[in-house]
Amino acid sequence: MKFFIDSADLNEIKEAEAMGVLDGVTTNPSLCMKVGVTDFDKHIKEICSIVDGDVSAEVVSTKYEEILEEGRRIAALADNVVVKVPLIKDGIKAIKTFTEEGIRTNCTLCFSPTQALIAAKAGATYISPFLGRLDDVSHDGMQLIEDIVTIYTNYGLQTEVLAASIRHPMHVVEAARIGADVCTMPLSVMEGLLKHPLTDNGLKRFLEDWDKLQRSLK
Ligand code: G3P
């Protein structure tokens with residue numbers, strides 16, 4: 001499973017990259033707003049230079065021609081940029097055209113298996129089902145991931161399933177069990193994946209015992 005960080009914060013991205021297990025980045029307009037991005041293109045270029053992996057940058061246009069114009073501009077920013085497009089009719093049309101042009105896409109705001117099937121038929125590189133937001137409204141977000149993985153497997157569809165809107169480590173565990181290709185998560189969740197109190201207690205005891213041994217040898 002690939003790990004992406006869901007953030008536009010350069011410090012968080014650098015921190016995740018330094019862990020050595022980062023495979024990419026996803027951003028969106030809300031994440032850009034959170035860190036007060038002023039020059040979008042410059043910011044995306046900087047993220048692309050930090051990370052050796054795919055960086056999703058989202059269009060804010062909603063009309064076919066405008067999505068194409070904006071997406072082509074974003075695609076030219078760096079070799080590892082992926083154009084993130086919302087799952088609306090004009091977005092699907094644009095993904096089809098981007099696919100024909102060799103521009104890679106991440107189809108975002110997916111909340112149903114039928115949406116995911118359409119995105120894959122249009123040739124999206126990634127599909128982003130938002131599992132946390134489904135859980136928030138009492139739908140089973142993980143069931144959506146499972147349905148998409150099953151459907152894509154049934155037909156050999158190449159679109160990668162990018163589990164998004166991840167809220168806690170168990171989302172990552174379940175998505176991995178189901179076979180999602182990628183999980184994008186906040187830095188706090190990524191750090192949470194490696195934490196265990198028994199590891200901390202065990203290490204503390206090992207180090208104390210080692211100290212005792214050293215003292216006994218003096
Ligand atoms: O990148 C999009 C997605 O991960 C958003 O997550 O937490 O805003 O639902 P969230």
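Residues numbered from 1 in each chain as written. Predicted model: local features only at pLDDT ≥ 70, side-chain atom pairs only at ≥ 80, totals over all residues. Heavy atoms only, no water.

1. Comments concerning the pattern of salt bridges
Side chains bearing opposite charge may pair, as long as their charged atoms lie close to each other. Scanning the model with the defined rule gives nine salt bridges in all. Between Arg73 and Asp41 there is a salt bridge, and its shortest N-O distance comes to 2.9 Å. Of this pair, Arg73 sits in helix 4 (residues 64-75) while Asp41 sits in helix 3 (residues 40-50), placing them 32 residues apart in sequence. The shortest N-O distance in the salt bridge between Lys204 and Glu208 comes to 3.1 Å. Placement of both Lys204 and Glu208 in helix 11 (residues 197-216) is noted, with a separation of four residues, approximately one turn of the helix. (Salt bridge = Lys/Arg side-chain N within 4 Å of Asp/Glu carboxyl O. Helix = DSSP H or I, 4+ residues; strand = E, 2+ residues; numbered from the N terminus.)

2. Let's talk about helix 9 (residues 169-178)
Regarding helix 9, the residues found buried are His171, Val172, Ala175 and Ile178. Buried residues of helix 9, seen end-on, are gathered within an arc of 130 degrees and therefore sit on one face of the element. Considering only its buried residues, helix 9 is in contact with strand 1 (2-6), helix 7 (131-136), helix 8 (141-155), strand 7 (160-163), strand 8 (182-185) and helix 10 (187-192). Two residues or fewer after helix 9 comes Gly179, characterised by a positive phi angle close to 105 degrees. (Buried < 20%, exposed > 50% of the residue type's maximum accessible area, 1.4 Å probe, protein only. Arc of directions from axis to C-beta. Contact = heavy atoms within 4.5 Å.)

3. Looking at the sheet that holds strand 5 (residues 105-110)
Strand order in the closed barrel formed by eight strands is 1-2-3-4-5-6-7-8, and the pairing between neighbours is parallel. Direction aside, the axes of adjacent strands within the sheet are offset by 30 degrees on average. Direction of pairing for strand 1 relative to strand 8: parallel, over a ladder of four bridges. Across the sheet, Phe3 pairs through a bridge with Cys183, a residue of strand 8. (Pairing = 2+ DSSP bridges. Axes fitted to C-alpha atoms, helices over the stretch in contact; angles between N-to-C directions.)

4. Quick look at the packing of helix 4 against helix 5 (residues 89-101)
Where helix 4 contacts helix 5, the two axes come as close as 9 Å, and the packing angle between them is 45 degrees. Comparing the axis directions of helix 4 and helix 5 gives the class oblique. Note that helix 4 runs across helix 5; the crossing there is right-handed. Of helix 5, the residues touching helix 4 (which contributes Tyr64, Ile67, Leu68, Gly71 and Arg72) are Asp90, Gly91, Lys93, Ala94, Thr97, Phe98 and Glu101. A breakdown of the residues in the contact of helix 4 with helix 5 according to their chemical character gives five nonpolar, three polar and four charged. (Parallel < 35°, antiparallel > 145°, perpendicular 65-115°, else oblique. Left-handed = near helix turned anticlockwise from the far one by under 90°. Nonpolar A, V, L, I, M, F, W, Y, C, P; charged D, E, K, R; others polar.)

5. As for the pairing of strand 7
A two-sided burial pattern is seen for strand 7, the buried positions comprising Glu160 and Leu162 on one face and Val161 and Ala163 on the other. Crossover connection from strand 7 via helix 9 to parallel strand 8: handedness right-handed. (Right-handed = clockwise from strand over helix to strand, strands pointing away.)

6. Quick notes on the nonpolar core
One finds Ile127 and Ile145 to be the most contacted residues of the largest nonpolar core, which totals 57 residues. Those residues in contact with Ile145 that sit more than four places away from it in its chain are Pro129, Leu131, Val161, Ala163, Ile178 and Ala180. (Core = buried A, V, L, I, M, F, W, Y, C linked by side-chain atoms within 4.5 Å.)

7. Details of the side chain of Asp6
With respect to the helices and strands, the residue Asp6 is situated in strand 1. Despite its burial, Asp6 pairs with no opposite charge; the closest candidate is Lys84, at 5.0 Å N-O. When sequence neighbours within four positions are dropped, the list of residues in contact with Asp6 reads Thr26, Leu31, Thr184, Met185 and Pro186. (Lys, Arg positive; Asp, Glu negative; His and termini not counted.)

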